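Structure at a glance
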Amino acid sequence: MLSFPLMSDLPHSISTFGWSWERLTLSGPSENFWLGTDREGNRWLTKLRGPFYAYREIVFARLAQAMNWSCQSSVFLNLDPVSASVLGVKPDITHAAHWFIPEHKRQPCSEGCALKFFFDKEIRTVDDLAGSQIEHLLDWPKSEFAAFLFGGNEPPGRLFTTAHEFVIIDSEQMFSTGPCDLETAFWWNAPNGEPSQSGRMLAAQVCADLLSLSERDIKAALFIPKGIEVRENWPIASIIKASREFAASFDGL
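Residues numbered from 1 in each chain as written. Predicted model: local features only at pLDDT ≥ 70, side-chain atom pairs only at ≥ 80, totals over all residues. Heavy atoms only, no water.

Moving on: unusual backbone geometry. The backbone of Asn-68 sits at a positive phi, close to 65 degrees, despite the residue not being glycine. Positionally, Asn-68 belongs in the loop between helix H1 (51-66) and strand E5 (74-78). On the basis of relative accessible area, Asn-68 is assigned to the exposed category, the value being 68%. Non-glycine residue Asp-170 carries a positive phi angle of around 50 degrees. Relative to the helices and strands, Asp-170 is located in the loop between strand E8 (166-169) and helix H5 (197-211). The class of Asp-170 is partly exposed, set by a relative accessible area of 29%. (Helix = DSSP H or I, 4+ residues; strand = E, 2+ residues; numbered from the N terminus. Buried < 20%, exposed > 50% of the residue type's maximum accessible area, 1.4 Å probe, protein only.)

Attention now goes to the pattern of salt bridges. Applying the stated criterion across every chain yields a total of 7 salt bridges. Ionic pairing is found between Lys-47 and Glu-57, a salt bridge with its closest N-O pair at 3.5 Å. One end of the pair, Lys-47, is in the loop between strand E4 (43-46) and H1; the other, Glu-57, is in helix H1, with 10 residues separating them in the sequence. Like Lys-47, the residue Glu-57 is buried in the burial classification. As a salt-bridge pair, Glu-172 and Arg-49 come within 2.4 Å of each other at their nearest N and O atoms. (Salt bridge = Lys/Arg side-chain N within 4 Å of Asp/Glu carboxyl O.)

Direction vectors running N to C along helix H6 (residues 215-222) and helix H7 (residues 236-249) enclose 145 degrees, while the axes themselves pass 11 Å from each other. Where H6 crosses over H7, the handedness of that crossing is right-handed. Residues Glu-215, Ile-218 and Leu-222 of H6 lie in contact with H7, whose contacting residues are Ile-236, Ala-237, Ile-240 and Arg-244. Of the residues belonging to the contact of H6 with H7, the class tally is 5 nonpolar, no polar and 2 charged. (Axes fitted to C-alpha atoms, helices over the stretch in contact; angles between N-to-C directions. Left-handed = near helix turned anticlockwise from the far one by under 90°. Contact = heavy atoms within 4.5 Å. Nonpolar A, V, L, I, M, F, W, Y, C, P; charged D, E, K, R; others polar.)

Below is the structure:
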């Protein structure tokens, strides 16, 4: 059970009419990060990256959640003219909105804090994650293997919630190229440079997770709702097809 709603429980797109806005201060280049509060009091994060980044992030999130991975829930965002003026962007351009998840501080919250395990330990292999009480922690290396499987320019980000769970975030760079060799992933080898049995097994599990999805699941992931315009700079469906073919031929064990 996740501490936030799944995408299947949310609309495909939302309008910002009547929202209030505040700029979100984060570490790094976050000048375009905004936190919106809708009329029901729900909070949404948007990075104003435009429709193609939004689509890639939403497609990956749909696939991840369909595979039962812990991934943030994202929807298409329709900006009303007032909100667009506040944010300083054009109202007719689609962006993504992400259900806002409060992040755990980068220090233990109590003596029994599950994240103390993570703060106190150097993580270099999948085996190093064993014994953690952080929920869904194996989805971290899964998401990084997925970046190779789905041709991501970079791995997704990671977030630890105040409920002591791991969540995949920031996956808009997925589907940039075709699938790449999983053996070059960080989690593949042990510190001595030899292939890690646990790393190879997890890579195989990622491939199995993708192959477990039906064609209906893939179609649902690629769905663009009425009223949303996305011009694909290159076709995402063909990359997913190539990823599934790659996963079917994977023999890392």
